[in-house]
Amino acid sequence: MPLSLRRGTVSAVLEELDGLTRIEVDGTPCVAYSRLTGEVAEGDEVLVNVQARELGLGSGGFDVVHANLTRGLGLVPEPDAHVMVLPYTPLQFAARHVEERGPLATDLAGLPVVCCTLHSQLAPVCAGLGEARVAYVQLVGGALPVSLSDTVRALKSRGLLETAIGVGSCFGGDAQAVGVPSALAWAASEGFDAVVCAVGPGIVGTGSTLGHGGVATAEAANVASALGGTPIVAVRVSFGDPRVRHQGVSHHTRAVLDLCLGTPAVAWPGGLAAPEGLPPVEEVDVSDWRQACEGLPLEHMGRGPDDDPWFFAAAFAAGRLAARHLG
């Protein structure tokens, strides 16, 4: 399918964040990733990708600046960057990768690696980890720009997350890695206490067993096992989702567990009976999850903690289980 581009004028700058600017183009909401496009200002002439909005997509159904024709041409690449992100596409750009900075750890030495199938699990997982020094690894399977995540910004401001790493075609984080193995090895070499892996906001989904972004979690768990880490699966639990395939334990989680080659720990919230068909679970006391998550962005498919409490409690359980491994 071809790109759907249109020319327009920035009519308003609504919010400027690190790596992300929310604007309006001819009165229509739009985002610009300033690390790619350069800064945008009211009156700038821009090219906008309008396809997602025109297709009526859910969480990703908004316009995105493709190029700033006024002040975004002739931008200088990052110094000493050689490896391309989004290679051989019209959006390719060079970024320095962690593999170029020096030797990486060859053994994770038990490093807890929490594996989430949804970005909305990230906040409660980090709350469960508490005061640990945490790195977030964004996997391909949802939004690619790390800077799109308001959750990452909120967790950093609370001191619950220190660094965000983009993997592969995910970009715009504090660090960039070629793949999951080097991202985890770099986190270990930098002395992080734990790593949380998840897809970006939104998720690729087809309703099929294997055709969804959550399967990236299995790769993270398998790599963590192979490198001597401690993979922990955050189970996607819901009693508020009207779709049968996501009620109770989501088919996304079951698919991930089927694809795991090792034996990851499966965190389970105390007070809820574990269903049949799961591998042995490790029950975790989550009685304080609401207090620990107070003030964090908790929303899943438009539902909050009061609408679908076990979803957030189950994710919190994974973070709390990882904290147990810190001693």
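Keep in mind the model is a prediction, meaning the values are calculated, not measured. (Residues numbered from 1 in each chain as written. Predicted model: local features only at pLDDT ≥ 70, side-chain atom pairs only at ≥ 80, totals over all residues. Heavy atoms only, no water.)

Asker: Got a sec to walk through the packing of helix α3 (residues 122–129) against helix α4 (residues 150–157)? Specific residues and values, please.
Answerer: Following both chains from N to C, one finds α3 and α4 inclined at 20°, their axes separated by 10 Å at the closest point. It follows from the interaxial angle that α3 and α4 lie roughly parallel. In this structure, α3 meets α4 at a crossing whose hand is right-handed. Mapping the contact onto sequence places Leu122, Ala123 and Cys126 in α3 and Thr151, Val152 and Leu155 in α4. (Axes fitted to C-alpha atoms, helices over the stretch in contact; angles between N-to-C directions. Helix = DSSP H or I, 4+ residues; strand = E, 2+ residues; numbered from the N terminus. Parallel < 35°, antiparallel > 145°, perpendicular 65-115°, else oblique. Left-handed = near helix turned anticlockwise from the far one by under 90°. Contact = heavy atoms within 4.5 Å.)

Asker: Can you break down the packing of aromatic side chains residue by residue, with the values?
Answerer: Aromatic rings in a pair are described by how distant their centres are and how their planes are angled relative to each other. Enumeration over the complete set of coordinates arrives at five aromatic pairs. Aromatic pair Tyr33 and Phe171: ring centres 6.1 Å apart, planes at 85°, arrangement edge-to-face. Note that Tyr33 is positioned in the loop between β3 (28–32) and α1 (34–37) and Phe171 in the loop between β10 (163–167) and β11 (175–177), a separation of 138 residues in sequence. Per residue, the accessibility class of Tyr33 equals that of Phe171, and both read buried. On the basis of an interplanar angle of 15° and a centroid distance of 6.4 Å, the ring pair of Trp289 and Phe312 is categorised as stacked. Residue Trp289 is located in helix α8 (residues 289–292), and its partner Phe312 is located in helix α9 (residues 309–324); the two are separated by 23 residues in the primary sequence. Above the plane of the ring of Phe192 lies Arg133, whose end atom (NZ or CZ) is 4.1 Å from the centre. (Phe/Tyr/Trp six-rings, centres within 6.5 Å; stacked < 30°, edge-to-face > 60°. Buried < 20%, exposed > 50% of the residue type's maximum accessible area, 1.4 Å probe, protein only. Lys NZ or Arg CZ within 6 Å of the ring centre and 35° of its normal.)

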